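Structural features, examined
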Amino acid sequence: MHTWIPASGHGLRHAGIHFDAVRIAGVLAEQVAYELMQFTDFQAGPIVREATGHRYMYFLLPPQSSTGHRWPAGVRALGRGAQGWAYVGVPALGGLTWPLEWRSEPTAEVPFVEAGLLREVVGRLIGVVR
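What comes next is a walk through the structure. Please read all numbers here as calculations on a predicted model, not as lab measurements.

1. Observations regarding unusual backbone geometry
- The residue after Trp98, namely Pro99, is reached through a cis peptide bond having omega 15°.
- Inspection of the secondary structure assignment puts Pro99 in the loop between β6 (87–91) and β7 (100–104).
- A positive phi angle, near 65°, is found at Phe42, a position not held by glycine.
- When you line up the elements, Phe42 lands in the loop between α1 (26–39) and β3 (47–50).
- In this structure, Gln64 is a non-glycine residue whose phi angle is positive, near 60°.

The structure is reproduced here in structure tokens:
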């Protein structure tokens, strides 16, 4: 699998190196994850959920793929093209990982969330299509 997934617990990974991430908060994040999971027959690729704070979800995309899309307000792309440095917490695939967990795990067949599909789902759910 990916070398950036820790063996236990969780670790911070620099967005833009091993993956890009798209961060969405709260109810919208849950809706986007649900739609992606339904559309892909539960093979959406890696989605990390925070259990505290803003309850962000991080949709992990292939490196350098988030900047090729325009993201609406409330959705933030994290990668090399983003403003400043961004780190994303990544949980292990098993064991105690609180406050992070996998909403959808990466697989050999689907190692990342597909950026275009994520953009389409986000646009449809918030009514902004570009």
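2. Some remarks on α1
- With 14 residues, α1 extends 20 Å between its outermost C-alpha atoms, agreeing within 8% with the 20 Å of an ideal straight helix rising 1.5 Å per residue.
- Every buried residue of α1 is listed here: Leu28, Ala29, Val32, Ala33, Leu36 and Met37. With its buried residues spanning 165° around the axis, α1 presents them on a single face.
- In this structure, the buried side of α1 is in contact with β2 (20–24), β3, β4 (57–61), β5 (75–78), β7 and α2 (115–126).
- Phi turns positive one or two residues past the end of α1, at Asp41, with a value near 55°.

3. Some thoughts on a nonpolar patch on the surface
- Taken together, the side chains of Leu12, Trp85 and Tyr87 make up a nonpolar region of the molecular surface, amounting to roughly 440 Å² of accessible area.
- Relative to the assigned elements, Tyr87 resides in strand β6.

4. What to know about the pattern of salt bridges
- Taken as a whole, this structure holds 4 salt bridges when the rule is applied.
- With a shortest N-O distance of 3.0 Å, Glu30 and Arg49 are connected by a salt bridge. One end of the pair, Glu30, is in helix α1; the other, Arg49, is in strand β3, and 19 residues separate them in sequence.
- Residues Arg124 and Glu35 are paired through a salt bridge, measuring 3.6 Å at the closest nitrogen-oxygen approach.

Criteria and cut-off values
- Residues numbered from 1 in each chain as written.
- Predicted model: local features only at pLDDT ≥ 70, side-chain atom pairs only at ≥ 80, totals over all residues.
- Heavy atoms only, no water.
- Helix = DSSP H or I, 4+ residues; strand = E, 2+ residues; numbered from the N terminus.
- Expected span 1.5 Å × (residues − 1).
- Buried < 20%, exposed > 50% of the residue type's maximum accessible area, 1.4 Å probe, protein only.
- Arc of directions from axis to C-beta.
- Contact = heavy atoms within 4.5 Å.
- Patch = residues over 30% accessible without salt bridge, like charges linked within 9 Å, V, L, I, M, F, W, Y side chains within 5 Å.
- Areas by Shrake-Rupley, 256 points an atom, 1.4 Å probe, with all protein chains shown as cover.
- Salt bridge = Lys/Arg side-chain N within 4 Å of Asp/Glu carboxyl O.

Any functional reading would require information beyond the geometric quantities listed.
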